[in-house]
Amino acid sequence: MPTNAEQSLKKAMELEGDDKPSTGFLAQVLTQANRAHEVPPLWKSILDSNPKNSHAWANYAGSLMQIGNSAEALRALDEGMEKAEDQLVIKRAYAPALASVKEFDKAMDYYEDCLDAAPTDISVLWEYAQTLQAAERTFEVPKYLRDILGANPDPNMRANVLAWLVEL
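Residues numbered from 1 in each chain as written. Predicted model: local features only at pLDDT ≥ 70, side-chain atom pairs only at ≥ 80, totals over all residues. Heavy atoms only, no water.

A. Looking closely at the packing of aromatic side chains. For the structure shown, the criterion picks out four aromatic pairs. For the ring pair Trp126 and Trp164, a centre distance of 5.1 Å and an interplane angle of 75° mean the geometry is edge-to-face. Highlighted residues: Trp126 in helix 8 (residues 122-134) and Trp164 in helix 10 (residues 155-167), separated in sequence by 38 residues. Here Tyr128 and Tyr144 contribute two aromatic rings whose centre-to-centre distance is 4.7 Å and whose plane-to-plane angle is 85°, an arrangement assigned as edge-to-face. Highlighted residues: Tyr128 in helix 8 and Tyr144 in helix 9 (residues 141-150), separated in sequence by 16 residues. Each member of the aromatic cluster is reached from another via a ring pair, and the members are Tyr111, Tyr128 and Tyr144. (Phe/Tyr/Trp six-rings, centres within 6.5 Å; stacked < 30°, edge-to-face > 60°. Helix = DSSP H or I, 4+ residues; strand = E, 2+ residues; numbered from the N terminus.)

If you want it as structure tokens, here you go:
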């Protein structure tokens, strides 16, 4: 039924305002149908009509990363930092992208900005701890692992955090 879903979501996008919340669902349908290369133009069309849409910038860059175009994704995130209303959304998307290309210092700065806004966000804490380890700053990791435990994670995350703490 992906064809029906695609048609319905495209129709929904025509009826929606500038935010176009159905775009994310359409992107998932296209990706699952092995058509991920069609996703970046969807997000780009939203950006063309509303360049201040922070979530569209983050999703556009994410879709570019997903199809293996990391250089263009990083350029899109840079542009999003200049044009978007909510830079924190861009920083949240930018930090793991920077970590993946080993720009650890800038990635850690963005993670820290995200943690200032949401100090108990378990996914940000986990990614930040991984980035610290990749940057060979393992001595800082236990603090963030303890912060995760203090945020009451689900049992699987708790087990992973405890195992990593024991390992350290």
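After presenting the structure, the write-up continues.
B. Molecular detail of the layout of surface pockets. One number sums up the size of the largest pocket: a volume of about 170 Å³. What lines the largest pocket is simply His55, Ala58, Asn59, Ala61, Gly62, Met65, Leu77, Val89, Arg92, Ala93, Pro96 and Ala97. Of all the secondary-structure elements, those providing two or more residues to the lining of the largest pocket are helix 4 (54-66) and helix 6 (87-100). Broken down by element, the residue count for the lining of the largest pocket peaks at six residues, all from helix 4. (1 Å grid on protein atoms, 1.4 Å probe; cavity = no way out; pocket = protein on both sides within 12 Å on 5 of 7 lines; lining within 4 Å. Points joined across faces, edges and corners; volume = space filled by probe spheres on them.)

C. The arrangement of the packing of helix 5 (residues 70-83) against helix 6 in detail. Running from N to C, helix 5 and helix 6 cross one another at 155°; their axes reach a closest spacing of 10 Å. Compared by their axis directions, helix 5 and helix 6 come out roughly antiparallel. You can see that helix 5 and helix 6 cross each other, and the crossing is left-handed. The segment helix 5 lies against helix 6, with Leu74, Leu77, Asp78, Gly80 and Met81 engaging Gln87, Ile90, Lys91, Ala93, Tyr94, Ala97 and Leu98. (Axes fitted to C-alpha atoms, helices over the stretch in contact; angles between N-to-C directions. Parallel < 35°, antiparallel > 145°, perpendicular 65-115°, else oblique. Left-handed = near helix turned anticlockwise from the far one by under 90°. Contact = heavy atoms within 4.5 Å.)

D. Fine view of the side chain of Ser63. Mapped onto the secondary structure, Ser63 falls in helix 4. If near-sequence neighbours (up to four positions away) are discounted, Ser63 is found in contact with Val39, Pro40 and Trp43.

E. Quick peek at the nonpolar core. Leu145 and Ile148 are the most contacted members of the largest nonpolar core, which totals 49 residues. Excluding its chain neighbours within four sequence positions, the residues that come into contact with Leu145 are Trp126, Ala129, Val161, Trp164, Leu165 and Leu168. (Core = buried A, V, L, I, M, F, W, Y, C linked by side-chain atoms within 4.5 Å. Buried < 20%, exposed > 50% of the residue type's maximum accessible area, 1.4 Å probe, protein only.)

F. Structural context of the environment of Leu125. Counting through the fold element by element, Leu125 comes out in helix 8. The sequence separation of Leu125 and Arg146 amounts to 21 residues, and the corresponding C-alpha distance is 9.7 Å. Leaving out residues up to four positions away in the same chain, Leu125 has contacts with Leu115, Pro119, Thr120, Tyr144, Asp147 and Ile148.

G. Expanded view of the environment of Ala73. Looking at the secondary structure, you find Ala73 in helix 5. The spatial distance from the C-alpha of Ala73 to the C-alpha of Thr131 is 19 Å, given a sequence separation of 58 residues. Setting aside its immediate chain neighbours within four residues, Ala73 contacts Ala61, Leu64 and Met65.

H. Highlighting unusual backbone geometry. We note that Asn34 has phi near 60°; this positive angle belongs to a residue other than glycine. Within the secondary structure layout, Asn34 lies in the loop between helix 2 (22-32) and helix 3 (39-49). Positive phi, normally seen in glycine, also occurs at Asn152, with a value near 60°. Take Asn152: its relative accessible area is 65%, and that puts it in the exposed class.

I. Quick peek at the packing of helix 4 against helix 5. In contact at an axis separation of 8 Å, helix 4 and helix 5 are set at 170° when each is read in the N-to-C sense. Put simply, helix 4 runs roughly antiparallel to helix 5. Facing helix 4, whose interface residues are Trp57, Tyr60, Ala61, Leu64 and Met65, helix 5 presents Ser70, Glu72, Ala73, Ala76, Leu77, Glu79, Gly80 and Lys83. By residue class, the composition of the contact of helix 4 with helix 5 is eight nonpolar, two polar and three charged. (Nonpolar A, V, L, I, M, F, W, Y, C, P; charged D, E, K, R; others polar.)

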